[in-house]
Amino acid sequence: MINAIATKAISQAFNKSLKDAVLPFTGSRKGFGGDGGVYDPIRDEFVNPTGETGDITYTGRGVFGAFGDSELLSNGINITDTKLTCLVAEVGEVPQVDDIITFNKLGEKSLRVMNVSVDPGQVAYTVQLRGI
């Protein structure tokens, strides 16, 4: 119940007071071809007998920013890392370490996921991103 209320409140903030800061993004993850997947060096990916790669692509929206000083002191966060805050309910797939997040903020950028955490209410993900 509280999760639904918090999700609705933050989603409304994304739509209204934070709308200028919220950006859409696309996440992608290399698959392993699913059942029977083998590495194809010509395509540089894993494929299964039907040609499927098993790659995953998902979308969402969130706020991209910097980590605070207290966050930089721990957890292996670099000063150049980017912090993505996004709603669990608005992301098509749970971000994973090594996924690539692509977004357009003064030009298209692609960053690698270094760490993902979710708040105790499971409303928002905090994603640590680093240049590729």
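See the structure shown above.
Residues numbered from 1 in each chain as written. Predicted model: local features only at pLDDT ≥ 70, side-chain atom pairs only at ≥ 80, totals over all residues. Heavy atoms only, no water.

Draft legend 1. Inspection of the overall build of the protein chain at higher detail. Assigned secondary structure in the protein chain consists of two helices and eight strands. Taken from the N to the C terminus, the helices and strands of the protein chain come in the order α-β-β-β-β-α-β-β-β-β. With 132 residues in all, the protein chain has 31% of them scored as buried. (Helix = DSSP H or I, 4+ residues; strand = E, 2+ residues; numbered from the N terminus. Buried < 20%, exposed > 50% of the residue type's maximum accessible area, 1.4 Å probe, protein only.)

Draft legend 2. Representation of the pairing of strand β1 (residues 22–29) in the model. As paired elements, β1 and strand β4 (residues 56–65) share eight bridges and run antiparallel to each other. Bridge pairing links T26 to T59 in β4. With four bridges joining them, β1 and strand β6 (residues 100–104) adopt antiparallel strand pairing. Paired with T26 across the two strands is T102, which belongs to β6. (Pairing = 2+ DSSP bridges.)

Draft legend 3. Broad picture of unusual backbone geometry. The backbone of L106 shows a phi angle near 55°, a positive value even though the residue is not glycine. You can see L106 is positioned in the loop between β6 and β7 (108–118).

Draft legend 4. Structural view of the pattern of salt bridges. With the rule as written, the count across this model stands at five salt bridges. With a shortest N-O distance of 2.8 Å, R29 and D99 are connected by a salt bridge. You can see R29 sitting in strand β1 and its partner D99 sitting in the loop between β5 (82–87) and β6, a full 70 residues away along the chain. A relative accessible area of 0% places D99 in the buried class. Salt bridges sharing partners connect three or more residues here, namely R29, E93 and D99. (Salt bridge = Lys/Arg side-chain N within 4 Å of Asp/Glu carboxyl O.)

Draft legend 5. Examining the pairing of β6 more closely. Two strands pair when backbone bridges link them, and β6 and β7 are joined in this way by five bridges, in the antiparallel orientation. Bridge pairing links N104 to E108 in β7. Hairpin connection, β6 to β7: the antiparallel pair is bridged by three residues, and L106 has positive phi, about 55°.

Draft legend 6. Expanded view of the side chain of K83. With respect to the helices and strands, K83 occurs in strand β5. A polar contact of 3.0 Å, which involves the side chain of K83, links it to the side chain of E71. When sequence neighbours within four positions are dropped, the list of residues in contact with K83 reads V63, F64, G65, A66, F67, E71, T126 and V127. (Polar contact = N/O pair within 3.5 Å; in protein donor to acceptor, adjacent residues only side chain to side chain. Contact = heavy atoms within 4.5 Å.)

Draft legend 7. Structural detail: the nonpolar core. Counting residues in each nonpolar core, the largest one holds 14 residues, and the members touching the most others are F25, F64, L84, I101 and L129. Secondary structure elements with two or more residues in this core: β1, β4, β5, β6, β7 and β8 (124–131). Counting residues per element, this core draws most heavily on β8, at three residues. Not counting chain neighbours up to four residues away, the residues in contact with F64 comprise L23, F25, T82, K83, L84, I101, F103, K105 and L129. (Core = buried A, V, L, I, M, F, W, Y, C linked by side-chain atoms within 4.5 Å.)

Draft legend 8. Inspection of the sheet that holds β8 at higher detail. Judged by pairing direction, the barrel is antiparallel, and its six strands sit side by side in the order β1-β4-β5-β8-β7-β6 before closing back on the first. The sheet shows a mean angle of 45° between the axes of neighbouring strands, taken without regard to direction. (Axes fitted to C-alpha atoms, helices over the stretch in contact; angles between N-to-C directions.)

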